[in-house]
Amino acid sequence: MDNEKTVTVTEKTLKAFCRAMFVKLGVPNDEAMLIVDNLVEADLRGVASHGVVRLPIYVQRIEDGGSNPRPKPQIVRQTRTTAVLDGDNGMGQIIGIRAMEIALEKASDGDCAFVSVRNSNHYGAASHYAEMAARRDMIGLSFTIGGINHMTPWGGAEAILGNNPFAFAFPTRDGFPIVLDMACSVAARGKIIVAAKDGTPIPADWASGPDGVPTTDPVEALKGFVLPVGGPKGYALTLGIGLLSTMLSGACFGSEVTHMYEQTTTPQNVGHLFGVLPIAAFEDLDHYYGRMSKAIADIHGTRKAPGVERIYLPGEREHLALVARRRDGIPLNAAVFDELRELGTRHGLTLDASPG
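Residues numbered from 1 in each chain as written. Predicted model: local features only at pLDDT ≥ 70, side-chain atom pairs only at ≥ 80, totals over all residues. Heavy atoms only, no water.

Caption draft 1: Geometry of the pairing of strand β1 (residues 6–9). The alternating pattern of β1 places T6 and T8 on one face and V7 and V9 on the opposite face, and all of these are buried. Both β1 and strand β12 (residues 330–333) contribute to a ladder of four bridges, which runs antiparallel. Bridging across to β12, V7 finds its partner in L332. (Buried < 20%, exposed > 50% of the residue type's maximum accessible area, 1.4 Å probe, protein only. Helix = DSSP H or I, 4+ residues; strand = E, 2+ residues; numbered from the N terminus. Pairing = 2+ DSSP bridges.)

Caption draft 2: Highlighting the sheet that holds strand β10 (residues 225–226). Reading across from one edge, β9-β8-β10 is the order of the three strands in this open sheet, with antiparallel pairing throughout. The outermost strands of the open sheet, each flanked by one partner alone, are β9 (214–215) and β10.

Caption draft 3: Here's a closer look at helix α4 (residues 92–106). The terminal C-alpha atoms of α4 lie 21 Å apart, and with 15 residues this matches the ideal 21 Å at 1.5 Å per residue to within 8%. When you tally the buried positions in α4, you get 12 out of 15 residues, the bulk of the element. Those residues of α4 not exposed but buried are G92, Q93, I94, I95, G96, I97, A99, M100, I102, A103, L104 and K106. (Expected span 1.5 Å × (residues − 1).)

Caption draft 4: Representation of the side chain of S127 within the structure. Relative to the assigned elements, S127 resides in helix α5 (residues 127–134). Taking relative accessible area as the criterion, S127 reaches 9% and is therefore assigned buried. Once residues within four sequence positions are removed from consideration, S127 is found in contact with A167, V179 and D181. (Contact = heavy atoms within 4.5 Å.)

Caption draft 5: The arrangement of the side chain of N68 in detail. Within the secondary structure layout, N68 lies in the loop between α3 (55–64) and β2 (74–78). Reaching out from N68, the side chain makes a polar contact with the backbone oxygen of D88 at a distance of 3.1 Å. Apart from residues lying up to four places away in sequence, N68 is in contact with D88, N89, G90 and M91. (Polar contact = N/O pair within 3.5 Å; in protein donor to acceptor, adjacent residues only side chain to side chain.)

Caption draft 6: Representation of the packing of helix α1 (residues 11–24) against α3 in the model. At a minimum axis distance of 11 Å, the contact between α1 and α3 shows a crossing angle of 10°. Relative to α3, α1 is oriented roughly parallel. Contacts from F17, C18, M21 and F22 of α1 reach α3 at L55, Y58, V59 and I62. Grouping the constituent residues of the contact of α1 with α3 by class yields eight nonpolar, no polar and no charged. (Axes fitted to C-alpha atoms, helices over the stretch in contact; angles between N-to-C directions. Parallel < 35°, antiparallel > 145°, perpendicular 65-115°, else oblique. Nonpolar A, V, L, I, M, F, W, Y, C, P; charged D, E, K, R; others polar.)

Caption draft 7: Layout of the nonpolar core. By size, the foremost hydrophobic cluster in this structure holds 65 residues, and its most contacted members are L14, F22, V52, L55, V276 and L340. Per-element tally for this core: the top contributor is α4, with eight residues. If near-sequence neighbours (up to four positions away) are discounted, F22 is found in contact with V27, A32, I35, V36, L39, L55, Y58, I62 and M91. In terms of nonpolar packing, the next biggest core, distinct from the first, is built from 15 residues, L161, I192, F253 and V270 among them. (Core = buried A, V, L, I, M, F, W, Y, C linked by side-chain atoms within 4.5 Å.)

Spelled out as structure tokens, the structure:
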């Protein structure tokens, strides 16, 4: 225990538990590991909202028939630099990785490439896919529509939008990529789910209750609406990301979207869009990386405000958390840990905390 509300689990233990769970549900072992790597990496990076807190609903959706454990994704339309991938209602991580692999293949000769996706599911952390490109000397882009409508248009009183996350990843030679990964709400709904499990209040600007009044009660917030970052700008941004994620592939948008947690027997037809920009198509690689190093030094070297010890780049805190948690273990919310153990018991699996 790190404190009274967390339980530490090693990366190896957590991955083995989650992999075994998916395999029991019929997911092939290699594909189960793709899902697990995405989930556990989020917890390693300190992004608990997209980590193993999602395992119970993934399990339920497979058990109830809402998600397909053995999909056969197919390209249904393509050009030299674009494709539309039908995910056959597979797990979002499996389909997302395949779509980004297609984009990388199409970009291997120096072309920019985009792949849109339909008939997928919740795909976890958006950065996971963007970083696939960053490891190949490319800038990666990843967009998705949410699996729940829980945001209103600005001025509305009805949830008809998701918070629609997106990510950009810029490769560097300074130890970690610069990664922007964010939802268009002030806070991801997953953070509210974690707070509800833990029984802790949320900041008043995260969400409103079903009456439209801002609330600090996470249980009431889950019945209401998440609030957009930046007010009307956040609403416009989530609309744009939603359109990018769906209108190029035929995925569900707006009133067509079903509820990930409440309609577990229904395929969701979640949409994504993935893009890659090969740096060498625009700039000499050494020159790019040199300029990136200077940009990083400029940001780190900025004069700090009183009380500030360090200025971080986007993705840097998560990288440092990953290094530390791979060494020391992953501190899981105690309520999440208990829920996973319960889930494991029902499926004949055990999950143990780290000794000490």
